[in-house]
Amino acid sequence: MTNLYLLLDIGSIAVPLIFSFHPKLKFYKKWNALFLAIAIMMCLFIPWDIIFTNKGIWGFNTTYFSGITLLALPLEEWLFFICIPFACMFTHYSLLYFFPSAKLENNQSTNITRLLISVLVLLCVTFYDKWYTLINFLYAIILLVLVKYKANHLLKHYYLTFLVMLIPFFIVNGILTGSGIEHQVVWYNNAENLGIRLGTIPIEDVVYAFTMLLTVLALTDYFDKRFSTPKAI
């Protein structure tokens, strides 16, 4: 099924794209900030993706994509970095709209951040020879520290909304890693990760998704405030 990956991309973004114009949500008003944030995130994640693909840390099964590639990555992989963050940011802001009081207390958020950083540091030290684990977790540590001190208010909501976003993540990423299909769409070299799978999904993918989306959220929040700030006359 050569269009499987493309269909997953389109299926992920279709409903959020339509409901972006809902008169109450008005998510389209965040598009300028969001797409700029996605573009910057891709400037980091695409080179990472290209290097890891070339090094055989992960790769793609040609059975499930169109065959169109750019810089060694399938077209569908490029679309993944647009469609998935768009859909997840729509989910995040929709949850904030409908459940504005659903957030952690400052001390709860701080404790979770400290715990995550401590665990990630320990794993980096222990598994420094596994490239996906090391680079993935190192970036998560750096990002958490930056967001903690520059935009801590985001984490109080994001820790909760990410749990909701994990539901479609497990569906989409599960299919990409082989759930319910004959072969994997995306394969991984287990010598470069912990070898722990949640179903068919490497556990590192959860951290990867966490950091990709938090990167986009932090940048979207920053640019949204910049764009909405009245200019002095």
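Here, every reference points to the structure presented above.
Attention in this report is confined to the structure presented alongside it. Numbering of residues starts from 1 in each chain and follows the order in which that chain's sequence is written. A pLDDT threshold of at least 70 governs which residues receive local features in this predicted model, and a stricter bar of 80 or more applies before side-chain atom pairs are shown or counted, although totals over entire chains, interfaces and linings include all residues. Heavy atoms from the whole structure form the basis of all side-chain values; hydrogens and water molecules are not counted.

**Section: the overall build of the chain**
The secondary structure listing takes helices from DSSP runs of H or I that are at least 4 residues long and strands from runs of E that are at least 2 residues long, numbered from the N terminus. Within the chain, the secondary structure is distributed over 7 helices and 6 strands. Tracing the chain from N to C terminus, the helices and strands come up as α-α-β-β-β-α-α-α-α-β-β-β-α. C-alpha extents for the chain along the principal axes are approximately 55 × 40 × 35 Å. The buried share of the chain, reckoned over its 233 residues, is 49%. Accessible area of the chain: about 12100 Å², with a carbon and sulfur share of 69%. Asp and Glu are treated as the negative residues and Lys and Arg as the positive ones, with His and the ends of the chain left uncounted. Here the site of a charge means NZ on Lys, CZ on Arg, CG on Asp, or CD on Glu. Averaged over its 15 positive side-chain charges, the chain has a centre that lies 17 Å from the centre of its 12 negative ones. Accessibility here uses a 1.4 Å probe with only protein chains present; expressed as a share of the type maximum, an area under 20% marks a residue as buried, one over 50% as exposed, and anything in between as partly exposed. Using a 1.4 Å probe, accessible areas were evaluated by the Shrake-Rupley method; residue-level cover was limited to the displayed protein chains.

**Regarding the nonpolar core**
Buried residues of nine kinds, namely Ala, Val, Leu, Ile, Met, Phe, Trp, Tyr and Cys, make up a nonpolar core once their side-chain atoms join them within 4.5 Å. F81, F162 and L214 are the most contacted members of the largest nonpolar core, which totals 71 residues. Counting residues per element, this core draws most heavily on helix α7 (residues 203–228), at 11 residues. Two residues form a contact once any of their heavy atoms are found within 4.5 Å. The contact partners of L214, leaving out residues within four places of it in the chain, are L143, L144, V147, L155 and Y158.

**Overview of helix α4 (residues 106–126)**
Helix span is expected to be 1.5 Å times the residue number reduced by one. When the terminal C-alpha atoms of α4 are compared, their 30 Å separation across 21 residues agrees well with the 30 Å that a helix rising 1.5 Å per residue should span. Along α4, the positions that sit buried rather than exposed are S109, T110, T113, I117, L120 and C124. Taken end-on, α4 shows its buried residues confined to a sector of 105°, consistent with a single buried face. In α4, the exposed positions angled more than 90 degrees off the buried face are occupied by R114, L115 and L122. For α4, the elements touching its buried residues are α5 (131–150) and α6 (152–176). This arc is taken over the directions from the axis of the helix to the C-beta atoms.

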